[in-house]
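Single-letter residue listing:
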Amino acid sequence: MMEAYDRFELLINDRIVKTPVAIASMAGIVDAAYVLERADHVGAAFIGGYSIDAPTLEASRRMAGEGRKEFLYDDPLEALGREIDALKQSDVVTGLNLRGSTPASFAGVARAFEDAVVYEIDAHCRQPAMLKIGCGEYLLRHPAKLVEIVRALKAEDVTVSVKIRAGIAADDAALARTVWKAGADILHVDLMDFGHNKVRQIRNASPLTLIANNSITTFDKAMDAFSHGADLVSLARKSDPWTLAGLDAAIARSAEEGGWYNAPKQLCRGGDIRALAFCCMPVKACPLLPALERIGLSRDDYLKFKQEAVKETPIEDGKSTCFGSLAWCCKISSPCMFRNMTLEKKGLSAREYMRCKHHLAEKIMHRIFDEEESADESS
Ligand SMILES: Cc1cc2nc3c(=O)[nH]c(=O)nc-3n(C[C@H](O)[C@H](O)[C@H](O)COP(=O)(O)O)c2cc1C
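Computed from a predicted structure; not experimentally measured.

Asker: Any chance you could explain the site of the ligand here in plain terms?
Answerer: Near the ligand, the surroundings consist of 17 residues, among which Ser25, Asn213, Ser215, Ala236 and Arg237 are the closest. In this structure, asparagine 97 approaches the ligand through a side-chain N or O atom, which is 3.0 Å from a nitrogen atom. Residue serine 215 places a main-chain N or O atom 2.7 Å away from an oxygen atom belonging to the ligand. Protein chains shield 85% of the accessible area of the ligand, which is 620 Å² for the free molecule. The residue inventory of the shell around the ligand, partitioned by class, reads 5 nonpolar, 7 polar and 5 charged.

Next comes the structure, spelled out in structure tokens:
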């Protein structure tokens, strides 16, 4: 597992995610047995959706009566307990995709299973029977209730994911910020037809662990999501063992070669905010300046912050580079004789260089979002 941590440096619920490929829930289909058959090729799985209280169980029964597949049982905690136990033998980080009619229902499940799993709020379901009782997509149109559920779960000190369908809330980026500020840890987004622009928009709005979903069945599609800000990709309909195995292998190979599996595109090529790690000093009119303005960082603060952030790291110096430090150098895929000469002189491989840039990007994200949160708390 340490090898996997080294490759992706990805943790969820304080556990190592061995590959950034997840199974997304499908009611009546994705349970422990489904995940165990695919466990070699996924790092995380969201089983369910499970209805967890009387009104949602009643809605599930109605939906099943109309021909939909649903998980039906009399005692939700007993049924969920069995699924969680079955998955304990695997190294797949498990999440429960849940539909409940009140915040207290969610909190009750979290009290029963504590930190054994991630609790995913299903704000995605659009079945009329669920919407009628204030569940699923209803929460995207009534974010105050979604916030109450996030808070109720966080009061139990557990890891919380919110599963959404893009394009339903009034503003997806604003919704991401709202659930982040309420304490959520993960946003799991069914992108529908919105593509990577939506991933970037959400990445730039919050530091949440971001799972991109919908038709991400090939390496190219996964890389498109990763290079715009996704931390994981998830699959539902095409989560067959062959597709998952192919994706896992291709992503692992690319991470081994590249050093940073979800490295952003450069800012000037449409990259997300993490790409500040590749930007040079602000010396000309370029997309860096409006980006700094949007995040409220002055030129001076940006300069000082990056200089400070690379201190005592392998990318601190770089005499033969344009600005005297590898902190200001671009992505390894952009050709640059000066950067490559410097790396060679220092004995720093392309992979190690990209890992250093990854760590720099993490510091940038902390600086942007942690400071904003502490400013909020003090106001
Ligand atoms: C049969 C079926 C059942 C689903 N049930 C759920 C569910 O209970 N909860 C949920 O959040 N999403 C549910 N989804 C949505 C999927 O998790 C996923 O967001 C969607 O299928 C798009 O991803 P894909 O292209 O990889 O299938 C369901 C999808 C299908 C096809």
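After that view of the structure, there is still more to cover.
Asker: What exactly am I supposed to notice about the environment of lysine 284 here?
Answerer: Checked against the element boundaries, lysine 284 lands in the loop between α12 (241-258) and α13 (288-295). Looking at lysine 284, the relative accessible area reads 52%, which means it is exposed. Each C-alpha atom, one on lysine 284 and one on histidine 358, is 25 Å from the other, the two residues being 74 residues apart in sequence.

Asker: Just to check I follow, could you spell out the sheet that holds strand β5 (residues 93-99) for this structure?
Answerer: Within a beta sheet, neighbouring strands are joined by backbone hydrogen bonds and run either parallel or antiparallel to one another. With parallel pairing, the 8 strands of this closed barrel are ordered in space as β3-β4-β5-β6-β7-β8-β9-β10. Averaged over all pairs of adjacent strands, the angle between strand axes in this sheet comes to 25°, irrespective of strand direction. Pairing between strand β8 (residues 186-190) and strand β9 (residues 209-213): 5 bridges, direction parallel. Paired with isoleucine 186 across the strands is threonine 209, a residue of β9. In this fold α12 packs onto β3 (21-23) and β10 (232-235), with an angle of close to 160° to the strand it touches most, β3.

Asker: Help me understand a negative patch on the surface, please; the structure alone is not making it clear to me.
Answerer: On the surface, Asp14, Glu114, Asp115 and Asp157 cluster together into a patch of negative charge. The residue aspartate 115 is located in the loop between α5 (103-113) and β6 (118-123) in this model. For aspartate 115, a relative accessible area of 55% translates into the label exposed.

Asker: Please clarify how the packing of aromatic side chains should be interpreted in this entry.
Answerer: For any pair of aromatic rings, geometry is given as the distance between the ring centres together with the angle between the planes. Inspection of the entire model under this criterion finds 7 aromatic pairs. Ring centres 5.1 Å apart and planes at 85° place the aromatic pair phenylalanine 8 and tyrosine 261 in the edge-to-face group. Taken together, the residues span a long stretch of sequence, with phenylalanine 8 in helix α1 (residues 2-8) and tyrosine 261 in the loop between α12 and α13 at a distance of 253 residues. With a centroid separation of 5.7 Å and 45° between ring planes, the pair formed by tryptophan 260 and phenylalanine 278 is classed as tilted. Of the two residues, tryptophan 260 sits in the loop between α12 and α13 while phenylalanine 278 sits in the loop between α12 and α13, which places them 18 residues apart along the sequence. The ring of tyrosine 34 has arginine 38 lying over it, and the distance from NZ or CZ to the ring centre is 3.5 Å. Taking the ring centre of phenylalanine 194 as reference, the NZ or CZ of lysine 198 above it sits at 4.6 Å.

Asker: What is the right way to look at empty space enclosed by the protein in this model?
Answerer: Empty space among the atoms becomes visible once a probe the size of a water molecule is rolled across them. Applying the stated rule across the entire model yields 1 cavity of 30 Å³ or more. Space inside the largest cavity adds up to approximately 40 Å³. Lining of the largest cavity is provided by Leu276, Leu297, Tyr302, Phe305, Lys306, Ile364, Arg367 and Ile368. Contributions of two or more residues to the lining of the largest cavity are made by α14 (299-309) and α16 (350-378). The class makeup of the residues in the lining of the largest cavity is 6 nonpolar, no polar and 2 charged.

Asker: Where do I start with a nonpolar patch on the surface in this structure?
Answerer: A cluster of nonpolar residues, Met337, Phe338 and Met341, forms a patch on the protein surface that exposes about 310 Å² of accessible area. As for its position among the elements, methionine 337 is in helix α15 (residues 337-346).

Asker: Would you take a moment to explain unusual backbone geometry for this structure?
Answerer: With the exception of glycine, the majority of residues adopt a negative phi angle, and the majority of peptide bonds are in the trans configuration. Look at the link from glycine 48 to glycine 49: it is a cis peptide, with omega at 0°. Here glycine 49 lies in strand β4 (residues 44-51). For asparagine 214, which is not glycine, the phi torsion reads 115° and is therefore positive. Its location among the elements puts asparagine 214 in the loop between β9 and α11 (219-226).

Cut-offs applied
Residues numbered from 1 in each chain as written. Predicted model: local features only at pLDDT ≥ 70, side-chain atom pairs only at ≥ 80, totals over all residues. Heavy atoms only, no water. Near = heavy atom within 4 Å. Polar contact = N/O pair within 3.5 Å; in protein donor to acceptor, adjacent residues only side chain to side chain. Areas by Shrake-Rupley, 256 points an atom, 1.4 Å probe, with all protein chains shown as cover. Nonpolar A, V, L, I, M, F, W, Y, C, P; charged D, E, K, R; others polar. Helix = DSSP H or I, 4+ residues; strand = E, 2+ residues; numbered from the N terminus. Buried < 20%, exposed > 50% of the residue type's maximum accessible area, 1.4 Å probe, protein only. Pairing = 2+ DSSP bridges. Axes fitted to C-alpha atoms, helices over the stretch in contact; angles between N-to-C directions. Contact = heavy atoms within 4.5 Å. Patch = residues over 30% accessible without salt bridge, like charges linked within 9 Å, V, L, I, M, F, W, Y side chains within 5 Å. Salt bridge = Lys/Arg side-chain N within 4 Å of Asp/Glu carboxyl O. Lys, Arg positive; Asp, Glu negative; His and termini not counted. Charge placed at Lys NZ, Arg CZ, Asp CG, Glu CD. Phe/Tyr/Trp six-rings, centres within 6.5 Å; stacked < 30°, edge-to-face > 60°. Lys NZ or Arg CZ within 6 Å of the ring centre and 35° of its normal. 1 Å grid on protein atoms, 1.4 Å probe; cavity = no way out; pocket = protein on both sides within 12 Å on 5 of 7 lines; lining within 4 Å. Points joined across faces, edges and corners; volume = space filled by probe spheres on them.

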